[in-house]
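Residue-level listing of the chains:
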Amino acid sequence: MATPPLPPPTRRLVGLMLMVSGGMLAVGLLLKVYVAVYSWTTDSYQNPSAVTLSVNLVGLLASGLLVRMGLRMRRGDEQGHNPNPNGML
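Below you will find a few notes about this structure.

Cut-off values and rules
Residues numbered from 1 in each chain as written. Predicted model: local features only at pLDDT ≥ 70, side-chain atom pairs only at ≥ 80, totals over all residues. Heavy atoms only, no water. Patch = residues over 30% accessible without salt bridge, like charges linked within 9 Å, V, L, I, M, F, W, Y side chains within 5 Å. Areas by Shrake-Rupley, 256 points an atom, 1.4 Å probe, with all protein chains shown as cover. Salt bridge = Lys/Arg side-chain N within 4 Å of Asp/Glu carboxyl O. Helix = DSSP H or I, 4+ residues; strand = E, 2+ residues; numbered from the N terminus. Buried < 20%, exposed > 50% of the residue type's maximum accessible area, 1.4 Å probe, protein only. Expected span 1.5 Å × (residues − 1). Contact = heavy atoms within 4.5 Å. Core = buried A, V, L, I, M, F, W, Y, C linked by side-chain atoms within 4.5 Å.

1. A short note on a nonpolar patch on the surface
Together, Leu-13, Leu-16, Met-17, Val-20 and Met-24 give the surface a local cluster of nonpolar side chains, amounting to about 500 Å² of exposed area. With respect to the helices, strands and loops of the structure, Met-17 is situated in helix H1 (residues 8–42). The class for Met-17 is exposed, based on a relative accessible area of 53%.

Encoded structure:
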């Protein structure tokens, strides 16, 4: 049984919270990426690995998706998948 959709004020609040959390995550990860790139260029003692930098960049992608999902919830243009389409897919 499907859950009923959220009322519009709640959707806008959830969208705002998603946008704020995605923005804060992006700021934190941008700082981590900046520190990693800076330590890579200066050849410091604790040189970060490429895996760490890649994980931080994937986190930046996830934060962008959080912001995008929050924007879609706030605007109310959620295009869900119709399980019973009347035409071709």
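2. Brief notes about H1
Helix length check: H1, at 35 residues, gives a terminal C-alpha distance of 51 Å against a target of 51 Å (1.5 Å per residue), a fit within 8%. All of the buried residues in H1 are Arg-11, Gly-15, Leu-18, Gly-22, Ala-26, Leu-29, Val-33, Ala-36 and Ser-39. Residues of H1 that are buried make contact with helix H2 (50–75). Just past H1, the residue Asp-43 takes up positive phi, approximately 50 degrees.

3. Overview of the nonpolar core
Of all hydrophobic cores here, the largest spans 6 residues; its members are Ala-26, Leu-29, Val-33, Ala-36, Leu-53 and Leu-60. Secondary-structure elements contributing two or more residues to this core are H1 and H2. Of all the elements, H1 adds the most residues to this core, at 4 residues. Ignoring any residue separated from it by four or fewer positions in sequence, one finds Leu-60 in contact with Ala-26, Leu-29, Leu-30 and Val-33.

4. Brief notes about the environment of Ala-36
With respect to the secondary-structure elements, Ala-36 resides in helix H1. Classification of Ala-36 as buried rests on a relative accessible area of 8%. For Ala-36 and Asn-56, which are 20 residues apart along the polypeptide, the C-alpha to C-alpha distance reads 9.6 Å.

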